[in-house]
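Structural overview
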Amino acid sequence: MYGHPNLSKLSFENFENMDFYSLTVTSSSLASDSDGDTKKFISNYKSLYKVDPSEFSYKGYDAAVYFGRLLHKYGVDYVSHMTQEKFSGLNSDYRFEFYPKWGMPIELWGSWFITTRNLKENNL
């Protein structure tokens with residue numbers, strides 16, 4: 001069964017056969033709380049802002065690191081180097097290819113899917 005990302009926030013404890021359906025939802029965030037860099041980011045973020053980071057916190061951080069590095073390395077000519085510089089951050093991966101029709105680089109991206117199993121054991 002495929003569904004909206006908000007389905008992953010619901011409790012399915014009263015549904016006996018939910019695992020049979022292998023609930024699959026799209027996700028715009030795949031930051032792993034068990035990753036060392038992510039743990040450090042969460043700790044620093046909580047210390048600074050006194051709240052947990054949201055998925056937008058990870059996305060903003062990754063964008064700032066990626067484009068900040070490009071600007072630092074290439075200055076105002078950073079756009080002409082975007083197709084050579086790939087990036088894998090806490091939540092986002094950036095990879096650009098030149099798109100001749102528009103005369104500029106465009107980002108290549110895909111959708112992430114999360115399939116949930118053992119809903120009762122995972123408290124989902």
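Overview of the structure. Just so you know, these numbers come straight off a predicted model, no measurement behind them.

Quick look at unusual backbone geometry now. One non-glycine residue, Lys50, lies in the positive phi region at around 65 degrees. Tracing the backbone through its elements, the reader meets Lys50 in the loop between helix H1 (36-49) and helix H2 (55-74).

Another aspect to go through is the pairing of strand E6 (residues 104-107). In terms of strand pairing, strand E5 (residues 96-99) meets E6 through 4 bridges, oriented antiparallel. Paired with Phe98 across the strands is Pro105, a residue of E6. Adjacent in sequence and paired antiparallel, E5 and E6 are bridged by 4 residues, among which Gly103 carries a positive phi angle near 70 degrees.

Let us look at the packing of aromatic side chains. Under the definition given, this model contains 12 aromatic pairs. Ring centres 6.4 Å apart and planes at 10 degrees place the aromatic pair Tyr94 and Phe96 in the stacked group. One exposure class covers both Tyr94 and Phe96, and it is buried. What links up through ring pairs into an aromatic cluster is the set Phe41, Tyr45, Tyr49, Tyr58 and Tyr61.

Thresholds applied
Residues numbered from 1 in each chain as written. Predicted model: local features only at pLDDT ≥ 70, side-chain atom pairs only at ≥ 80, totals over all residues. Heavy atoms only, no water. Helix = DSSP H or I, 4+ residues; strand = E, 2+ residues; numbered from the N terminus. Pairing = 2+ DSSP bridges. Phe/Tyr/Trp six-rings, centres within 6.5 Å; stacked < 30°, edge-to-face > 60°. Buried < 20%, exposed > 50% of the residue type's maximum accessible area, 1.4 Å probe, protein only.

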